[in-house]
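Each chain is listed here by its residues.
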Amino acid sequence: MAILLKKQGAVLILMLNLFLVFTGIGLAIPIMPKFMEELGITGSAVGLLVAAFSLTQFLFSPLAGRLADSYGRKKMIVIGMFVFAVSEWLFGIAESSTLLFVSRMLGGIAAALIMPAVMAYAADVTSEEDRAAGMGYITASITTGFIIGPGIGGYVAEFGVRVPFFAAAVAGLLAACVTMLLLRESRTEPSNASDKAAAPAQEHSNLFVQLMNSYREPYFIGLVIVFVMSFGLANFETVFGLFVDQKFGFEPKDIAFILTFGSIAGAVVQLTAFSWILNTFGERRVISICLLFAGLFIILTLFVHKYWLIFAVTFIVFLATDILRPAVSTQMSMLAKDQQGYVAGLNSAFTSLGNIVGPIVAGALFDININYPYGLACVVLVLCFGLSLRAGKREREKSKAAA
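Residues numbered from 1 in each chain as written. Predicted model: local features only at pLDDT ≥ 70, side-chain atom pairs only at ≥ 80, totals over all residues. Heavy atoms only, no water.

Observations regarding a nonpolar patch on the surface
Together, Leu-16, Phe-82, Leu-173, Val-178, Met-180, Leu-181 and Leu-182 line one region of the surface with nonpolar side chains, adding up to about 630 Å² of accessible area. No other element matches helix H7 (residues 163-182), which puts five residues into the nonpolar patch. (Patch = residues over 30% accessible without salt bridge, like charges linked within 9 Å, V, L, I, M, F, W, Y side chains within 5 Å. Areas by Shrake-Rupley, 256 points an atom, 1.4 Å probe, with all protein chains shown as cover. Salt bridge = Lys/Arg side-chain N within 4 Å of Asp/Glu carboxyl O. Helix = DSSP H or I, 4+ residues; strand = E, 2+ residues; numbered from the N terminus.)

Quick word on the packing of helix H2 (residues 10-39) against helix H5 (residues 97-125)
Packing of H2 against H5 brings their axes to within 10 Å, and their N-to-C directions diverge by 155°. On the basis of the axis angle, H2 is roughly antiparallel to H5. Judged by the twist between their axes, the crossing of H2 over H5 is left-handed. Each of Ala-10, Val-11, Leu-14, Leu-18, Val-21, Phe-22, Gly-24, Ile-25, Phe-35 and Leu-39 in H2 lies in contact with H5, whose residues at this interface are Ser-97, Leu-100, Arg-104, Ile-114, Met-115, Val-118, Tyr-121, Ala-122 and Val-125. (Axes fitted to C-alpha atoms, helices over the stretch in contact; angles between N-to-C directions. Parallel < 35°, antiparallel > 145°, perpendicular 65-115°, else oblique. Left-handed = near helix turned anticlockwise from the far one by under 90°. Contact = heavy atoms within 4.5 Å.)

Topic: the pattern of salt bridges
Counted under the stated rule, the structure contains two salt bridges. For Arg-104, the salt bridge is made with Glu-88, and the minimal N-O distance between the two is 3.1 Å. With Arg-104 in helix H5 and Glu-88 in helix H4 (residues 73-93), this residue pair connects regions lying 16 residues apart in the sequence. Here Glu-95 makes a salt bridge to Arg-162, at a shortest N to O gap of 3.8 Å. With a gap of 67 residues between them, Glu-95 in the loop between H4 and H5 and Arg-162 in the loop between helix H6 (131-156) and H7 connect regions that are remote in the sequence.

Some thoughts on the packing of aromatic side chains
Counted by the stated rule, this structure contains five aromatic pairs. Arranged with centres 6.2 Å apart and planes meeting at 35°, the rings of Phe-311 and Phe-315 form a pair that is tilted. With Phe-311 and Phe-315 both in helix H16 (residues 307-336), this residue pair falls four residues apart, about one helical turn. A residue is classified by how much of its surface remains accessible, and Phe-311, at 24% relative accessible area, is partly exposed. Residue Phe-315 is classed as partly exposed on the basis of its relative accessible area of 28%. (Phe/Tyr/Trp six-rings, centres within 6.5 Å; stacked < 30°, edge-to-face > 60°. Buried < 20%, exposed > 50% of the residue type's maximum accessible area, 1.4 Å probe, protein only.)

Set out below in structure tokens:
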């Protein structure tokens, strides 16, 4: 914490930006059932709407990571916050599904610009010893945004379902101004970064070449886990509001309450105990355990019927995933060396790829049977658990051979 304070509150400003972005994303979760009724859209359309956000984030993330290395982290963050504000304003005024799609796609571009730059900035201002703590703080802001977002969306929606989005647009503009005025660039000579990154940038000349060549990198298994994890969790998150609305008749306030308090534990753990957990048990073991718990408790959602049981199961799912995300990011950051922005961009791209496929599949399955998306999410996460165990075994064998 002392290191963060010495950096003149830089990490706190980064946390503010990510908090606002993911608050804006979370706003729509409890309100989507009402949008479905108002605009006459199906579960498949909701899945496509979520996927539209992830698609643009996926397409722009690797480029944004390189730009953050070449031109500086601060510029990308400020531009991204302005784009985020526009996207929220468009969502607020949308009267058709077409404008909703445009809004979410702009939101994906904003996230692509912001996420790699923030992760790279955090890596710049923390030492290897404090990297886990720094990533924990950054990820906690994402978690808190998801906590506050549905809460704001659910409760403020009683004054009008569009009011929360206008508030998010104003907050985004204010955050962009604060970042522009107060945040210092973490790379003292951003232009030199382009020279340093020239070789990898030429080798990975476009998005698809980057993805194809990523299997050669030491952090590839981490990227695969990111994709599979995102796919499984997207199945859970995309249809959660629709699931409890149709199965239990929950109102936006009920959905907001479950999401809000079900996520609080994750934010608390990230702020207080995440560094200790990672240093005590190691990244690989933490990743494996969290994948297993997330998969098992997602399938339990299909077998609970009382409100407090739904709350308890969701609580465990969010706790596991909120530890899992920064654990994977920390692991890859340690392996990235001097390519923090590039690796952060790949991390964001693989996350988006899972978030593209996951919601589309979840929405289609939801229209067939509301239970199917959660069954698939469980299978995918348990398979990912097996993959993480295999990767850990391979790493131990390499260590023994080297010794």
